[in-house]
Amino acid sequence: MSELVGSIGVDRAADQSAAAVKARQSSDIRKVAVASAIGNMIEYYDFTLYATATALVFNKIFFPSADPLVGSLLAFATFFVGYCARPLGGVLFGHFGDRVGRKTALLLTILIMGLGTFLIGLMPTYEQVGVAAPVCLIALRLLQGIGIGGEYGGGMVMTVEHAPADRRGFFSSLVHIGVPGGFLIPIALLGILSTSMSEGDFLAWGWRIPFLFSIVLVAIGLFIRFRISETPAFKRVLNEEGTASVPVVEAVRNHAGNILFGIGAKIAESGLFNIYAVFAITYCKTKLGLPSQTILNGVLVGCALECATLPVFGALSDRIGRRAVYVGGMLFQVALALVFFQMLNTGHTGMIWLAIALGLALGHGSVYGAQGAYFSELFPARIRYSGLSLVQQLGPILGGGLSPLIATALLAEYGAPSWVAGYMAAMALLSAACTFGLRPLRAGA
């Protein structure tokens, strides 16, 4: 009898211990997901601030031109430069994160990104120093690009490697909330500043305030990231198989297909996001003559809604599969491209907001909600940071980095937005087709 009681006691203690471990792991993944989302939001605050200022300010004070579209074209060219620097940051910090640890790499990326943004707020204009102004702007833009190139892969890998295999879609989508969240804050700040002061004051000094404020966000981000623990998967790599000598080389050698098709699948996600959130501002201002605040408010509404839809689509990808959600989102955006500019051309505020909200909350939200776990599962933990960074940073060069530039050039050349709509649809179809070439690893890898 005593042996039976003892056995029951041991079993109960084991169950309690297992429950405690499970509760601790659940608490850890929530903390990591929230911390990564906040860190991602800070990084995209910096990057989005530049994108929005490009459409509203930089085309006037750094690239003055008689034709507003020409000034916008030159300003968006510097926007593209930042995307070109992303792969360098991805390779650099991917190597560091796969060999030394995810946490240390993430502390460095936020410092680099924040420093570049803060210094842009101190930049003299073209009128003050001539050509030196855009040259310095490009240099700081490169610094921003390097920081964000290393940021995304680390934050996503940190979350995916802490998450249960059957809930990776949901928890990874929480990290992506940082992107629309990172759009909300700077757009709201620039919107408030541009409407509460004269255009002269805003162009002279008002636009600088959000850039200088970024130093506060950097301090918050560093505090949060010091409290995150290293991932169990990376600890296993250190203890069992050892780190790769050159992770990026191993990723290219053993997973070239996933990298190439992943880049193709990424193109439309980033490219169409910048059409909805960046190019639409330029189009409505220069072609329709609408107040910038009208479009900025629409982007704010769309981003706020996307914060709510991202975890829904992430959880859906855990249930029905990443590819089904991803392809469905791309096909929705093909259909949206056919009517997007017709909705903007109405000039009606509600219709403009609806067009942007459909693009961000449903089109981009469905694809981006599934993407974090989908792309992370393409690579083993030993080289995951490097492999994921290659896909996530090379894809946007052809997508988000070029899309405002190409859309502006098409509009300047042909005058009609139908060419831009065709470009949007083509991107979405290309990315949908590329997903069928992806070969993810088993769910628990």
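Scoring rules and cut-offs
- Residues numbered from 1 in each chain as written.
- Predicted model: local features only at pLDDT ≥ 70, side-chain atom pairs only at ≥ 80, totals over all residues.
- Heavy atoms only, no water.
- Helix = DSSP H or I, 4+ residues; strand = E, 2+ residues; numbered from the N terminus.
- Buried < 20%, exposed > 50% of the residue type's maximum accessible area, 1.4 Å probe, protein only.
- Contact = heavy atoms within 4.5 Å.
- Areas by Shrake-Rupley, 256 points an atom, 1.4 Å probe, with all protein chains shown as cover.
- Axes fitted to C-alpha atoms, helices over the stretch in contact; angles between N-to-C directions.
- Parallel < 35°, antiparallel > 145°, perpendicular 65-115°, else oblique.
- Left-handed = near helix turned anticlockwise from the far one by under 90°.
- pLDDT = per-residue confidence, 0-100.
- Core = buried A, V, L, I, M, F, W, Y, C linked by side-chain atoms within 4.5 Å.
- Polar contact = N/O pair within 3.5 Å; in protein donor to acceptor, adjacent residues only side chain to side chain.
- Disulfide = S-S within 2.5 Å.
- Phe/Tyr/Trp six-rings, centres within 6.5 Å; stacked < 30°, edge-to-face > 60°.
- Lys NZ or Arg CZ within 6 Å of the ring centre and 35° of its normal.

Describing the overall build of the protein
Item 1. Looking only at helices and strands, one finds 18 helices and zero strands in the protein.
Item 2. The burial tally for the protein puts 58% of its 445 residues in the buried class.
Item 3. In the protein, the proportion of contacts linking residues at least 24 apart, taken out of those at least 6 apart, comes to 86%.
Item 4. Within the structure as shown, the protein displays about 16,700 Å² of accessible surface, and the carbon and sulfur contribution to it stands at 68%.

As for the packing of helix H11 (residues 247–254) against helix H16 (residues 384–398)
Item 1. Relative to each other, H11 and H16 sit at 70°, their axes nearing to 8 Å. Taken together, the axis directions place H11 and H16 in an arrangement best described as roughly perpendicular. Of the two possible hands of crossing, H11 and H16 adopt the one that is right-handed. Here H11 contributes Pro 247, Val 248, Ala 251 and Val 252 to the contact with H16, which in turn contributes Ser 386, Gly 387 and Leu 390.

Structural notes on the confidence of the model for the protein
Item 1. Chain-level pLDDT for the protein is 85 on average; 89% of the residues reach the 70-or-more range.
Item 2. Low pLDDT (under 50) marks residues 13–21, which in the prediction has zero contacts with non-local residues, meaning those over four places away or in another chain.

A look at the nonpolar core
Item 1. Counting 105 residues, the largest nonpolar core has Phe 58, Trp 207, Phe 340, Phe 341, Leu 344, Phe 375 and Met 424 as the members making the most contacts within it.
Item 2. Top element by residues in this core is helix H12 (residues 256–286). It accounts for 16 residues.
Item 3. Residues in contact with Trp 207, not counting those within four places in the same chain, are Val 57, Phe 58, Ile 61, Phe 62, Ile 120, Leu 190 and Phe 202.

Focus on the environment of Ala 77
Item 1. Tracing the backbone shows Ala 77 in helix H2 (residues 68–99).
Item 2. Through-space distance from the C-alpha of Ala 77 to that of Ile 138 is 9.4 Å; in sequence the pair is 61 residues apart.

Digging into the side chain of Thr 435
Item 1. Along the chain, Thr 435 turns up in the segment after helix H18 (418–434).
Item 2. A polar side-chain atom of Thr 435 sits 2.6 Å from the main-chain carbonyl oxygen of Ala 432.
Item 3. Look past the residues within four positions of Thr 435 in its chain and what remains in contact with it is Ala 265, Arg 323, Tyr 326, Val 327 and Tyr 374.

A closer look at the state of the cysteines
Item 1. Tallied over the full model, the rule gives zero disulfides.
Item 2. Free of any disulfide, Cys 307 has its nearest cysteine sulfur in Cys 303, 7.1 Å distant.

Overview of the packing of aromatic side chains
Item 1. The tally for this structure, following the rule as stated, stands at eleven aromatic pairs.
Item 2. Judged by centre distance (6.3 Å) and plane angle (75°), the rings of Phe 279 and Phe 341 are edge-to-face. Linking Phe 279 in helix H12 with Phe 341 in helix H14 (residues 322–345), this pair joins segments that are 62 residues apart in sequence.
Item 3. Relative accessible area serves as the criterion here: at 1%, Phe 279 is assigned to the buried category.
Item 4. Overall, Phe 341 belongs to the buried group, its relative accessible area being 4%.
Item 5. Residues Tyr 374 and Phe 375 carry aromatic rings whose centres are separated by 5.9 Å and whose planes lie at 40° to one another, so their mutual orientation is tilted.
Item 6. Counting every residue linked through ring pairs, the aromatic cluster contains Tyr 276, Phe 279, Tyr 283, Phe 340 and Phe 341.
Item 7. When the ring centre of Tyr 152 is taken as origin, the NZ or CZ atom of Lys 266, which lies over that ring, is 5.8 Å away.

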